Amino acid sequence: MPRTSALPRTSALPDKPRRTRRLVGLVGAAAVSALVGSFLASPAAEAAAPQLKVDLGTTTGAVMHGANGALYGLSDDGVPGDSVVAPLHLRTIATKAPDGAQHPNGDALVVQSQFARTGGGDNLIYMQDVYANWPYENNGLSDYLAKVDTMVRKVAARPDASAFVWVPFNEPDGNWYTGLGSSDATTYAKALSSFESDWATVYAKIRSIIPNARIAGPNETHYDSRLMGDFYPWAKAHHVLPDITTWHELDPGSLAHFESTLAAYRTLETKTGISPRPVNINEYADRRDLSVPGQMVQWMSMFERNKVDADLAYWDIAGNLDDNVAQTNIPNGNWWLMRWYAGLSGKTAKVTPPQANTTDTLQGIASLDTGRKQAQVLLGGGTSGAADTVIQHIPSSFGRKVDVSVERTAWSGYEGGAPAPRVLARSTYKVAADGSITVPLTGLDPMSAYRVTVNPAGKDAPAPPSVPWSASYEAENAAITGGTVYTQGSVSNAYGYATSGTKDVGSLNQPTSKVAFTVDVPTTGTYDLDVFYGNQSGAPATQTLTVDGGAAQTVTYGPTLNWTYRATARASLSLTAGSHTIALAKGTNEVTLDKVDLTAASTADTLYPATYTDVTGTPGYGYSVSGITGAGALTLDRADSATFDVYAPTDGYYTVRTDYAANGIGTLSLDGATAVKLASTGGKATTRTSRLYLSAGNNRVTAAASGSATLTLRDLRVAASADTTGVTAYQAEDATLAGTAVVTSDTWASGGKYVGYIGNGADNTLTFKVSAASAGRYVMNVRYANNQVAGSGNYNTNVVSRAARISVNGTDRTVMFRNNYSWNNYWELPVPVTLSAGTNTVTLANPTAYAPNVDRITVAPLTR
């Protein structure tokens, strides 16, 4: 796995933000949000635009979904949460050896329960991660064999032993057998002989315990044709062939050469006379790629096209799906691309990009599901300006007119929460005589990814979306006082962190430090200002925000993993039409600034088409009445269900409108509990309005029919904002403390105080008395802080999740609380609970280790 020196985690000093030093070109100072649709591009612009061609008449096999894998993406059972893991349908994960010392979390056996219940497939065990050091300490083969024996026997005793795949050696050309990379023939031959001998010995040990164990390798840092050409013939001759072939692709050049590399490997298989092995690129992409939809769609399309599995590389922290989850249940922008990818169904279709096998260029994946009557295209990468998506050979079953929607998922930083992708256009297209349509896209953002979805047109024209005005402004192009421009991740500095425009402004630690942006807005109104920042100060930071030198407001920035690990903070501004100066001046502590996005505030509902949901069973699809989104309707009977992934920007009660028809009772469920009953409509279309408590981040809302009913769904519409009427807060300092639990003051805590030293002994507890008007399911949010780490390490930051045993009226469950970078930083973690009418006793404890610090809890009924 990638191992590197960690960025410094110390208090801010003038020279403290660590920066890389390579320079690439900039994007413009202001980029207006993309507008898409056939009516937007002139014929001349269309002719000049590059084309991404999709041939639905040429399918290339069943959709595999192989590229959603993750190395150390799961750290503990529940970190990240099921609500962000289950929608991705992970085929593979890579984890550490049981009880391994390489990292404090990511243990194969600890995460397997969550992986299995969320539909996971193969769990690849990095066996050498039993060791603590990197490179791995080499105590001799006998020491390693003893450890192999112990870990394999632990798995062999489990009923799910077949779910695990064994990776005996990780990057052998960089660990223990470094001579494999030598240009000296003698050095290489000696290392090869040693590696082959040890491979055979460890292989035999695994198979002696689990005779049908699947073994993967050789797991090099990269594909080395010399080593592979020597190893595979030898492995065949000695009956120790890997069952799965693995290597790593971590360089930007992989986007250009992977297909030729894979072809070379397949040729080697043929020449060696071995059957084709499944391939898993079990570490892929670099830091500048992770979290960036426009980068990741290039990698994902490449692996899907070639039908291989692939696991994202572990560059930073465990438990955030390799930089794709902002908090435990809060997705970032690239998570939505992964969700789109997981939602592809049917067969993949041939895609011809403007430039094949070229790093940082427009690429795409396409699928065709004739049963759903749905085609999807995911595209993006390296392209700003305009491009045409040409979709050819649309099946005649779709009809002569089709409804097309275009959506965008934008980069939100590594730790910026991202809403559901914005719909840029909904249009009805006439299919040409040759079965094609051309969807022009303009104003493309190279850091974003886009989805084009095609469905048969119904009687109702889809409603045009509300696309608010938006613009981006780079910090390096603003007026800077007391700060320094630094260069970040790029092709030549792939290890650097992703940064808009490849530059940011740091060292904003002087009393006079300020960054002033000149903006121009089209109309008078309310605007949302999203600030992309990094904060490694060790505590929350603030800046003073002014518009045209007027009244000041404070912007608060939570801590991030390091100075360049982007998150977002939002402020609301009232602006008149025209030009303004928006200034961010130093407050407490220090931040780095990357860019700001300014967007006209919108109160429009977010629409979720039923035909885009995660479905089980064999529901029916219909398009005669296509609903608001033009995506058709989904018909469920008692064997079917449909799960919507619904984003909430904050915790609270949202108005949710369900467009449906039913000839019996249907239900909407949250967290496995029925939240809404959809009454029979006698088969007529209607809208049911409900108030549901949604937690910040992704919420899985599942629709189903009851008994013999048939439920037909069109769209789910969710309000843009929430209220907290009906939510009850209980401050931790007002609860009952026992043992070592103690109240401590902190200005960042909601009531100015929190309770720490809970746990590390059975008697050290925090107990709340919680009132409930009626019995049923509630959401309990625990506001907590946890900054425990396990040693400094020499690469990835070894964050630790803390556990709390939460008892509700004597019924216990263990909940894991992810590290949030500071003891003065507080996150909300939702915990579903069942309460009795009247007074309930809720106790937080941990008999063996410390629980997180607790600021407060809030309790809310599931519906209001």
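None of these values were measured; they are calculated from a predicted model.

**Here we look at the packing of helix α8 (residues 293-306) against helix α9 (residues 333-343)**
Contact pair α8 / α9: the axes reach a minimum separation of 10 Å and the direction vectors enclose 25°. In this view, α8 runs roughly parallel relative to α9, as classed from their interaxial angle. Remark: the crossing between α8 and α9 carries right-handed chirality. Seen from α8, the contacting residues are Pro-293, Met-296, Val-297, Met-300 and Glu-304; seen from α9, they are Gly-333, Asn-334, Leu-337, Met-338 and Tyr-341. Partitioned by chemical class, the residues of the contact of α8 with α9 number seven nonpolar, two polar and one charged.

**Considering the packing of helix α6 (residues 225-237) against helix α7 (residues 254-272)**
Between two packed helices, both the angle of their axes relative to each other and the distance between the axes serve to describe the pair. Interhelical geometry of α6 versus α7 gives an angle of 35° and a closest axis separation of 10 Å. In this structure, α6 crosses over α7, and the sense of that crossing is right-handed. Across the interface between the two elements, Met-228, Gly-229, Tyr-232, Pro-233 and Lys-236 from α6 touch Tyr-265, Leu-268 and Thr-272 from α7. When grouped by side-chain class, the residues that make up the contact of α6 with α7 number five nonpolar, two polar and one charged.

**Describing α8**
Three- or four-residue spacings in an α-helix give side chains the same orientation, since the helix completes a turn every 3.6 residues. When the terminal C-alpha atoms of α8 are compared, their 20 Å separation across 14 residues agrees well with the 20 Å that a helix rising 1.5 Å per residue should span. Counting buried positions along α8 gives 12 out of 14 residues, so the element sits mostly inside the fold. If you check which residues of α8 are buried, you get Pro-293, Gly-294, Gln-295, Met-296, Val-297, Gln-298, Trp-299, Met-300, Ser-301, Met-302, Phe-303 and Glu-304. Following α8 by one or two positions, Lys-307 adopts a phi angle in the positive range, close to 55°.

**Description of the pairing of strand β18 (residues 401-409)**
Put simply, side chains in a regular strand alternate between the two faces of the sheet. For β18, a buried count of eight out of nine residues is recorded, marking the element as mostly surrounded by other parts of the structure. Where β18 meets strand β19 (residues 422-430), eight bridges bridge the pair, whose relative direction is antiparallel. Counterpart to Lys-401 in the pairing with β19 is Lys-430. Inspection of the sheet shows β18 paired to strand β21 (residues 449-456) by eight bridges, in the antiparallel sense. Its bridge partner lying in β21, Asp-403 is registered against Asn-455.

**Things to note about unusual backbone geometry**
Of note, the bond from Val-79 into Pro-80 is cis; its omega dihedral lies within 30 degrees of zero at 0°. Secondary-structure assignment places Pro-80 in the loop between β4 (69-71) and α2 (82-85). Here Gly-217 and Pro-218 are connected by a cis peptide whose omega angle stands at 0°. Within the secondary structure, Pro-218 sits in strand β8 (residues 214-220). Although it is not a glycine, Asp-360 sits at a positive phi angle of roughly 55°. With respect to the helices, strands and loops of the structure, Asp-360 is situated in the loop between β14 (347-352) and β15 (363-369). Although it is not a glycine, His-393 adopts a positive phi angle of roughly 55°. Tracing the sequence through the fold places His-393 in the loop between β17 (385-392) and β18. Assessed through its relative accessible area of 43%, His-393 is described here as partly exposed.

Definitions and limits used
- Residues numbered from 1 in each chain as written.
- Predicted model: local features only at pLDDT ≥ 70, side-chain atom pairs only at ≥ 80, totals over all residues.
- Heavy atoms only, no water.
- Axes fitted to C-alpha atoms, helices over the stretch in contact; angles between N-to-C directions.
- Helix = DSSP H or I, 4+ residues; strand = E, 2+ residues; numbered from the N terminus.
- Parallel < 35°, antiparallel > 145°, perpendicular 65-115°, else oblique.
- Left-handed = near helix turned anticlockwise from the far one by under 90°.
- Contact = heavy atoms within 4.5 Å.
- Nonpolar A, V, L, I, M, F, W, Y, C, P; charged D, E, K, R; others polar.
- Expected span 1.5 Å × (residues − 1).
- Buried < 20%, exposed > 50% of the residue type's maximum accessible area, 1.4 Å probe, protein only.
- Pairing = 2+ DSSP bridges.

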